[in-house]
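The residues making up each chain are set out below.
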Amino acid sequence: MCGIVGFVDGKIADKKPVLNSMMEAIRHRGPNSAGTLQDKNVAIGFRRLSIIDVNNGMQPIYNEDKTKAVVFNGEIYNYVELREELKSLGHIFSTSTDTEVLVHGFEEWGIDELLKQIRGMFVFIIYDFESGEITGARDFFGIKPLYYYNHNGTFLFASEIKAFLHHPNFKKEFNERSLKPFLTFQYSATDETFFKNVYRIPEGHYFTFKNDQLKIVKYWDMKFSEENLSLEDAVDQIDQAMHDSVKKHSVSDVPVGSLLSSGVDSSYVTAIFKPQHTYSIDFDTNTYEEGSAASALASKLDLENTRGIVTREEAIKAIPLIQYHMDEPEANPSCVPLYFLTKLASKDVTVILSGEGADELFAGYANYGYHSHSKVVRILGENLKKLPKGIRYNLARGLKHLPNFPGRLHLYESTAKAEEFFIGQAKVFSEIEAKQLLKSEYQDSESVSEIVMKSYQKISQSEDEVKKMQYLDLHQFMAKDILLKADRMSMANSTELRVPFLDTEMAEIAAKIPTRYLLNSKDSKYALRVAAQRNLPKEWAKREKLGFPVPIRDWIKTDDVYLEFRKLFSSNFAEKFFDQSLIIKMLDDCHEGKNDDRRKVWTIYTFLIWYKVFFIDGGKKPDVDPQVLLQA
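Because the structure is predicted, anything quoted here is derived from the model rather than measured. (Residues numbered from 1 in each chain as written. Predicted model: local features only at pLDDT ≥ 70, side-chain atom pairs only at ≥ 80, totals over all residues. Heavy atoms only, no water.)

Concerning the overall build of the protein chain
Step number 1: Counting its secondary structure elements, the protein chain contains 26 helices and 18 strands.
Step number 2: Relative to the 2.2 N^0.38 estimate, which gives 26 Å for 632 residues, the radius of gyration of the protein chain is 24 Å and therefore close to what a compact globule would have.
Step number 3: Counting only residues that meet the buried cut, the protein chain has 64% of its 632 residues in that class.
Step number 4: Taking as baseline every contact in the protein chain between residues at least 6 positions apart, the subset at least 24 positions apart corresponds to 73%.
Step number 5: Summing over all exposed atoms, the protein chain offers an accessible surface of approximately 23,600 Å²; the carbon and sulfur share of this is 48%. (Helix = DSSP H or I, 4+ residues; strand = E, 2+ residues; numbered from the N terminus. Rg over C-alpha atoms; globule rule 2.2 N^0.38 Å. Buried < 20%, exposed > 50% of the residue type's maximum accessible area, 1.4 Å probe, protein only. Contact = heavy atoms within 4.5 Å. Areas by Shrake-Rupley, 256 points an atom, 1.4 Å probe, with all protein chains shown as cover.)

Some words on the sheet that holds strand S3 (residues 42-48)
Step number 1: Spatially, S2-S3-S1-S9-S8-S10 is the arrangement adopted by the 6 strands of the open sheet, whose pairing is antiparallel. Every other strand in the sheet has two partners, leaving strand S2 (33-39) and strand S10 (198-200) as the edge strands with one partner each. Between one strand axis and the next, the sheet turns through 15° on average, direction left out of account.
Step number 2: Direction of pairing for strand S8 (residues 147-151) relative to S10: antiparallel, over a ladder of 3 bridges. Each bridged residue has a counterpart across the sheet, and for Tyr 148 the counterpart in S10 is Tyr 199. (Pairing = 2+ DSSP bridges. Axes fitted to C-alpha atoms, helices over the stretch in contact; angles between N-to-C directions.)

Observations concerning unusual backbone geometry
Step number 1: The amide bond that connects Gln 59 to the next residue, Pro 60, takes the cis arrangement and shows omega of 5°.
Step number 2: As for its placement among the helices and strands, Pro 60 is situated in the loop between S3 and strand S4 (61-62).
Step number 3: For Lys 66, which is not glycine, the phi dihedral falls at a positive 60°.
Step number 4: Within the element layout of this structure, Lys 66 appears in the loop between S4 and strand S5 (68-76).
Step number 5: With a relative accessible area of 55%, Lys 66 lands in the exposed category.

Overview of the state of the cysteines
Step number 1: In this structure the tally under the stated criterion is 0 disulfides.
Step number 2: Here Cys 590 stays free of any disulfide, with the sulfur of Cys 335 as its closest cysteine sulfur at 19 Å. (Disulfide = S-S within 2.5 Å.)

Let's talk about a nonpolar patch on the surface
Step number 1: On the surface, Leu 387, Ile 391 and Leu 395 cluster together into a nonpolar patch covering about 220 Å² of accessible area.
Step number 2: Inspection of the secondary structure assignment puts Leu 395 in helix H12 (residues 389-401). (Patch = residues over 30% accessible without salt bridge, like charges linked within 9 Å, V, L, I, M, F, W, Y side chains within 5 Å. Salt bridge = Lys/Arg side-chain N within 4 Å of Asp/Glu carboxyl O.)

Things to note about the sheet that holds strand S14 (residues 277-283)
Step number 1: Across the sheet, which stays open at both edges, the 6 strands sit in the order S17-S16-S13-S14-S15-S18 with mixed pairing between neighbours. Each of the sheet's edge strands pairs with one partner strand only, and the pair in question is strand S17 (496-498) and strand S18 (629-630).

Topic: helix H23 (residues 559-569)
Step number 1: Taken as a whole, H23 has its buried residues at Val 561, Tyr 562, Phe 565, Leu 568 and Phe 569. Looking straight down H23, one finds that the buried residues subtend no more than 125° of arc, so they occupy a single side. Of the exposed residues in H23, those oriented more than 90 degrees away from the buried face are Asp 559, Leu 563 and Lys 567.
Step number 2: Against the buried residues of H23 lie helix H8 (312-326), helix H22 (552-557), helix H24 (572-577), helix H25 (580-591) and helix H26 (598-616). (Arc of directions from axis to C-beta.)

Details of the nonpolar core
Step number 1: Ranked by internal contacts, the top residues of the largest apolar core, which has 199 residues, are Phe 124 and Phe 607.
Step number 2: Of all the elements, helix H17 (residues 465-492) adds the most residues to this core, at 14 residues.
Step number 3: Leave out the neighbours within four places in its chain, and Phe 607 touches Phe 174, Leu 179, Phe 182, Phe 194, Pro 329, Phe 577 and Phe 578. (Core = buried A, V, L, I, M, F, W, Y, C linked by side-chain atoms within 4.5 Å.)

Considering the pairing of strand S15 (residues 304-310)
Step number 1: The buried count for S15 comes to 5 of 7 residues, which makes it a mostly enclosed element.
Step number 2: In this sheet, S15 lies alongside S14 in parallel orientation, the contact comprising 7 bridges. By the bridge assignment, Phe 283 is partnered in S15 with Val 310.
Step number 3: With 2 bridges joining them, S15 and S18 adopt antiparallel strand pairing.

So, the environment of Pro 202
Step number 1: Structurally, Pro 202 is set in the loop between S10 and strand S11 (205-210).
Step number 2: Ignoring anything within four residues of it in the chain, the contact list for Pro 202 reads Arg 138 and Ile 216.

A short note on the side chain of Thr 95
Step number 1: As for its position among the elements, Thr 95 is in the loop between helix H2 (79-88) and helix H3 (99-117).
Step number 2: Classification of Thr 95 by relative accessible area gives buried; the value is 9%.
Step number 3: Separated by 2.8 Å, the side chains of Thr 95 and Thr 97 make a polar contact.
Step number 4: When residues no more than four places from it in sequence are discounted, the contact partners of Thr 95 are Asp 53, Asn 56, Ile 61, Arg 83 and Glu 100. (Polar contact = N/O pair within 3.5 Å; in protein donor to acceptor, adjacent residues only side chain to side chain.)

Some words on the pattern of salt bridges
Side-chain pairs of opposite charge can arise where the charged atoms are in close proximity.
Step number 1: Applying the stated criterion across every chain, the model contains 42 salt bridges.
Step number 2: In this structure, the salt-bridge partner of Arg 553 is Asp 596, at a minimum N-O distance of 3.3 Å. Here Asp 596 lies in the loop between H25 and H26 and Arg 553 lies in helix H22, a separation of 43 residues in the sequence.
Step number 3: Classification of Arg 553 as partly exposed rests on a relative accessible area of 27%.
Step number 4: You can call Asp 596 partly exposed: its relative accessible area is 43%.
Step number 5: Among the salt bridges present, the one from Lys 612 reaches Asp 617, with a minimum N-O distance of 3.0 Å.
Step number 6: Taking the relative accessible area as the measure of exposure, Lys 612 reaches 32% and is therefore partly exposed.
Step number 7: Looking at Asp 617, the relative accessible area reads 31%, which means it is partly exposed.

Some details on the packing of helix H5 (residues 231-249) against helix H6 (residues 264-273)
In a packed pair of helices, the relevant descriptors are the angle between the two axes and the axis-to-axis distance.
Step number 1: Contact pair H5 / H6: the axes reach a minimum separation of 10 Å and the direction vectors enclose 65°. It follows from the interaxial angle that H5 and H6 lie roughly perpendicular. In this structure, H5 meets H6 at a crossing whose hand is right-handed. Here H5 contributes Ile 238, Asp 239, Met 242, His 243 and Val 246 to the contact with H6, which in turn contributes Tyr 268, Val 269, Ile 272 and Phe 273. (Parallel < 35°, antiparallel > 145°, perpendicular 65-115°, else oblique. Left-handed = near helix turned anticlockwise from the far one by under 90°.)

Here it is in structure tokens:
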């Protein structure tokens, strides 16, 4: 894994010090070596974490006549096949890296055809010395990050926003419109980031920049194409694709391990891969506990498992550092265990496999229509889904206004349009609650509906409601939360995290699976669980999803954490954003057990920590070194 920075700016005479400073800001992404390219007004820098062809893969890498150069963050899993094809077409390779197929492939096929050929996770930048054009691309799902700033004659791009802070013509400004949606979604949900004029290159897009003109083009999107498969055929295809993907994702010239929780996704990956090293994490509390189950599975598979224990003190101490690495405020509590888990793994391995993406591709979330614990209600909901859409939607409107009864929510969401109730996996504050908390200058923002409709409008309305929800989560929750924290927390510890579920060939299989095999009265991601049973003990394939549980309630009830939170909530800069009396009362009542608003408190807390790091303390890396404590 690596890090990329670059800029086009004719106002800077000596570009080298600026470039070096930007590269230093993301050293954690590539501690092994650095490389640069400068030409006219263009400067590109690169930090390398060596994975393939460790000794000879220094970047930038050039084509034969050095008219084009590439820098690359990620892995191309079919690079061996592409390399042989390009060699047969006359291209001469100077390294054994996967990076080099990109520059030769671009030269041979152009950007559109190259992106059709490659299989992997990636961000790459290709510079053409003859035309001065910069071409950059971000992978299909958004596994690897890429940001840009194009303002007042300065064009910047980088793997992480913090690199921009070291460019003299970058104007750091807080984006007021980002805060209100964040309180609902728990992550940076809009196209523009928390920094004004800083945007993401969207997943499945590439850009070109030439003569001060930026053009962004979509080259891939998830397209559902349900086929009339039998359950056995669906399971066969899933299992075959998983074995192939895990094999591709385990190719490396450095040690590879896997993360292991008690859930089916990481367990399925681990059972196929069978690495020497597996890793799991727990907190020093009995509220949630996954490590013993993960250790038991590792033992059954005859694998080594290293289990980490994180104390409350170490977890809270790590929050400023975690928010620094995230670049934007991130209130998903699972950032905390993931940071410590990758820190634990980094002691032995450089590459780790994980299970992200399975829930989005194979319908694993409860709010896709698996709320009720009653099998009778689930069967009824499944039958209601078979009704014509008009009848279903009318029934949903009636259910919405009925007094509550057991199973009502499940039946309503089984019959309603996805657009009417589903905004994705995270919903912390309602819009009304967020409005009540925020000062007037932070009220002007896109509504939650406006944000999610951008995705809903891109998927055919003929698709069923589950597929609409999957599509929204792929582009919102997964791309802007799940994958972002996976990249940032692994890279914070200089490790490469790979996600075998998020492979285009896996996606093609998932797109074909009938919804009735994904979600039914028996289980969520049903077909995937059946496939996993071929490789796992049955009880693991059926395990309920916990999703990196974090004991926030326990922490807030302790006096030391409560007082630290209260000091932050009472700060002068907190008053700038919030009705301070309301947020302090929410915290006090949570501490005293009068409410269970721990997620709301945590969301406000993480935003304030982030703001302090980047706008009060100037964006400097917090000087802390949290340690994970290994269980004896």
